[in-house]
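Architecture and fold: a report
Letter by letter, the chains look like this.
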Amino acid sequence: GSALSFNSYFIFWSTISLEFALTCILKYSVCVLPVKFAPTTIDTTIIQDWTLQLNAIEYPNSKIWYHGANTIEKAVEKSKKFEGIELDVNFDRNSNNLYVCHNIEDTIIGLTLEEWFDALPEPSSNYFWIDFKNLHIDYVHIACEKILSIINKYNLKNRIWVEYYNIPELEIVKQYGIYTILTVENSEYQPYNLFIWQYFLLGKISQLKPEAIGCDHTMFNNLTNFFSDYHIFLWHSTVIYTDEYASETRKMCQHPAVKVVLVDYEEPISY
């Protein structure tokens, strides 16, 4: 019991000390530089080249994309109304296949990613955000090969983004020439303060150089304040349409750094 208590206290105070040290470093560094330019070892030339590549990415006319088109019926209906649609994907180890569903247990429904795309009236007229729920280093190559085969089949080059939160898997996705969205931790739910959140996120972005960073709409202010040089994808979903809610959606869409806002509205809205 005493050994466990000692280890717990050691870990606790080590964590507190690390956070305090990083906070001090970042607190005083921002007196000279903006927070988003906190010190890194990344070559600034690489970052500049990457920023130019981001600016060359083409997006649909509307930033309003439909959220969670996880059935064939939804996919067909919403692809006719929305230029961009989002879907959830899980990899099934038993069949080595990709299934469109939010939860891994729903792979039993049997809707494969290929069947989902086959059902679309005209896939090449849409843009797609794949929210990958269980991408793993052990099968990321298999997953990418399957997505790439769909890209080639329907001429979807530069029209598919894959979202995940782990750097190693997304680095491999980028090797296949597929756009990536790095899921951003919500700063409100982190034990460390805003300075440290910014510092570690900048490190992840600098390492991966994703085509976009994504989070829920409550992060709009933090992301646009500190990471406006990057493309931001937001989900403003799971709420039915109201005039008040739609006004929030419009506000987000009007920011130039925000490229996509996911909604559950029956129809796209103007902004």
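This text follows the structure it describes.
Read on for a plain summary of the structure. (Residues numbered from 1 in each chain as written. Predicted model: local features only at pLDDT ≥ 70, side-chain atom pairs only at ≥ 80, totals over all residues. Heavy atoms only, no water.)

1. Digging into the overall build of the protein chain
Looking only at helices and strands, the protein chain has 9 helices and 9 strands in total. Expressed as a percentage of the 271 residues in the protein chain, the buried residues total 45%. Within the protein chain, contacts between residues at least 6 apart in sequence are counted, and of these 65% link residues at least 24 apart. Of the roughly 13800 Å² of accessible surface on the protein chain, a fraction of 56% belongs to carbon and sulfur atoms. (Helix = DSSP H or I, 4+ residues; strand = E, 2+ residues; numbered from the N terminus. Buried < 20%, exposed > 50% of the residue type's maximum accessible area, 1.4 Å probe, protein only. Contact = heavy atoms within 4.5 Å. Areas by Shrake-Rupley, 256 points an atom, 1.4 Å probe, with all protein chains shown as cover.)

2. Quick word on the pairing of strand 7 (residues 212–216)
Counting buried positions along strand 7 yields 5 of 5 residues, so the element is predominantly enclosed. Across 3 bridges, the pairing between strand 6 (residues 179–183) and strand 7 is parallel. Paired with T183 across the two strands is G214, which belongs to strand 7. For the crossover from strand 6 across helix 7 (residues 194–208) to strand 7, the handedness is right-handed. Note that strand 7 and strand 8 (residues 232–235) share 4 bridges and pair parallel. Within strand 8, the residue paired with I213 across the bridge is I232. Crossover handedness for the path strand 7 to helix 8 (residues 220–226) to strand 8: right-handed. (Pairing = 2+ DSSP bridges. Right-handed = clockwise from strand over helix to strand, strands pointing away.)

3. Details of helix 5 (residues 140–154)
For the α-helix, the turn length of 3.6 residues means that residues three or four positions removed from each other point alike. Here helix 5 spans 21 Å end to end across 15 residues, near enough to the 21 Å set by a 1.5 Å rise per residue. Taken residue by residue, helix 5 has V140, A143, C144, I147, I150, I151 and Y154 as its buried positions. What you see down the axis of helix 5 is that its buried residues fit within an arc of 120°, all on one side. Check the buried side of helix 5 and you find it contacts strand 3 (97–100), helix 4 (113–118), strand 4 (127–132), strand 5 (160–164) and helix 6 (167–175). N155, located one to two residues past helix 5, shows a positive phi value of around 55°. (Expected span 1.5 Å × (residues − 1). Arc of directions from axis to C-beta.)

4. Side note on the packing of aromatic side chains
The final tally for this structure, using the stated rule, is 23 aromatic pairs. Aromatic side chains W161 and Y179 sit 5.0 Å apart centroid to centroid with 45° between the ring planes, which places their arrangement in the tilted category. With W161 in strand 5 and Y179 in strand 6, this pair connects stretches of sequence that are 18 residues apart. Y179 matches W161 in its accessibility class, with the two residues each being buried. A cation sits over an aromatic face here: R159 above Y127, 4.2 Å from the ring centre. (Phe/Tyr/Trp six-rings, centres within 6.5 Å; stacked < 30°, edge-to-face > 60°. Lys NZ or Arg CZ within 6 Å of the ring centre and 35° of its normal.)

5. A closer look at the side chain of N70
Along the chain, the position of N70 falls in the loop between strand 1 (64–66) and helix 3 (72–81). Owing to a relative accessible area of 17%, N70 belongs among the buried residues under this scheme. Ignoring anything within four residues of it in the chain, the contact list for N70 reads L87, D88, V100, C101, H102, L111 and W116.

6. A short note on the packing of helix 5 against helix 6
Viewed as axis vectors pointing N to C, helix 5 and helix 6 meet at an angle of 35°, and their least axial separation amounts to 10 Å. Considering how the two elements wind past one another, helix 5 and helix 6 form a crossing that is right-handed. Along its contact with helix 5, which presents V140, H141 and C144, the element helix 6 presents E169, I172 and V173. Of the residues assigned to the contact of helix 5 with helix 6, the class counts are 4 nonpolar, 1 polar and 1 charged. (Axes fitted to C-alpha atoms, helices over the stretch in contact; angles between N-to-C directions. Left-handed = near helix turned anticlockwise from the far one by under 90°. Nonpolar A, V, L, I, M, F, W, Y, C, P; charged D, E, K, R; others polar.)

7. Some words on the environment of L170
In this fold, L170 is placed in helix 6. Residues L170 and H136, spaced 34 residues apart in sequence, show a C-alpha to C-alpha distance of 9.6 Å. Residues contacting L170, with those up to four places away along its chain left out, are V162, Y164, T180, I181, L182 and L208.

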